[in-house]
Amino acid sequence: VNSQTNNFRNFIFAALRLNEYEWVTNFIHVHSRELPGDIRDDEVNLNTGILKVYEKDFVNALNFLKKVRRKRYLQYLDTSVYKLIIFYEITDLENSYSETARLKDYIRKHKDIPTYLKTGYQKFIKIYENLLKIRQKNERTESEYFVTQLEPIKNVGLGSWLYEKGTELLSSAVKYH
């Protein structure tokens with residue numbers, strides 16, 4: 001079951017990085033039927049939600065993500081991270097902080113999550129929290145430092161989103177005197 005779900009997820013993430021949104025829509029529609037019944041709806045809602053985030057349709061993305069029951073750790077982790085992205089994009093600080101706290105707590109309590117995954121998600125959370133702080137300060141020097149720190153991961157998974165948001169902050173930041 002895990003490899004089936006992981007393959008499904010990997011195909012979708014690969015296509016999303018190539019901006020092949022229509023392909024992803026078709027893939028979810030056609031190939032979700034091959035997933036086990038007990039996880040099918042959650043996988044469809046999760047992956048459709050993620051697709052909607054890439055399409056910048058944040059309201060619908062959040063609606064899909066809210067339907068995911070998050071029974072498996074990857075579903076939980078992905079749902080939380082994409083909710084965090086939505087909350088950032090729609091400037092919902094309160095939900096950003098509460099979802100971050102929930103995700104940290106979940107990672108801490110679930111010993112079944114492989115270390116490499118834990119580490120990756122913890123790194124995302126740390127950078128995300130820095131991004132929130134920098135956004136609130138709107139200070140150029142900190143934005144520059146943030147973007148410089150993210151340079152090595154700007155083309156790796158969610159690192160590209162973090163880098164993009166840092167670059168946006170940098171271009172809108174006020175010069176520090």
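Residues numbered from 1 in each chain as written. Predicted model: local features only at pLDDT ≥ 70, side-chain atom pairs only at ≥ 80, totals over all residues. Heavy atoms only, no water.

1. Let's talk about the overall build of the protein chain
Check the secondary structure of the protein chain and you find 9 helices and 0 strands. Secondary structure elements of the protein chain, listed N to C terminal, follow the sequence α-α-α-α-α-α-α-α-α. Taken over the C-alpha trace, the protein chain has a radius of gyration of 17 Å; the compact-globule value for 177 residues is 16 Å, and the two agree within 12%. The dimensions of the protein chain, computed from C-alpha atoms along their principal axes, are 60 × 35 × 30 Å. Here the protein chain holds 177 residues, and 44% of them are scored as buried. Taking contacts inside the protein chain between residues at least 6 apart in sequence as the whole, the part at least 24 apart equals 62%. Carbon and sulfur atoms provide 53% of the accessible area of the protein chain, an area that totals close to 9800 Å². (Helix = DSSP H or I, 4+ residues; strand = E, 2+ residues; numbered from the N terminus. Rg over C-alpha atoms; globule rule 2.2 N^0.38 Å. Buried < 20%, exposed > 50% of the residue type's maximum accessible area, 1.4 Å probe, protein only. Contact = heavy atoms within 4.5 Å. Areas by Shrake-Rupley, 256 points an atom, 1.4 Å probe, with all protein chains shown as cover.)

2. Topic: the pattern of salt bridges
Following the criterion strictly, the structure yields 14 salt bridges and no others. Put simply, Lys165 and Glu89 hold a salt bridge, and the shortest N to O gap is 2.9 Å. One end of the pair, Lys165, is in helix α9 (residues 159-172); the other, Glu89, is in helix α5 (residues 73-89), with 76 residues separating them in the sequence. On the accessibility criterion, Lys165 (2% relative accessible area) is buried. (Salt bridge = Lys/Arg side-chain N within 4 Å of Asp/Glu carboxyl O.)

3. With respect to the confidence of the model for the protein chain
When the pLDDT values of the protein chain are averaged, the result is 92; 95% of them are 70 or greater. Mean pLDDT across the elements of the protein chain bottoms out in helix α1 (residues 2-17) (84) and peaks in helix α4 (residues 58-66) (98). (pLDDT = per-residue confidence, 0-100.)

4. Here's the deal with the nonpolar core
Grouped together as the largest cluster of nonpolar side chains are 49 residues, with contacts concentrated most on Tyr82, Leu103, Phe124, Tyr128 and Trp161. Residue contributions to this core peak at 10 residues, all from α5. Not counting residues up to four positions away in its chain, the partners in contact with Trp161 are Ile85, Tyr88, Glu89, Phe124, Tyr128 and Leu131. (Core = buried A, V, L, I, M, F, W, Y, C linked by side-chain atoms within 4.5 Å.)

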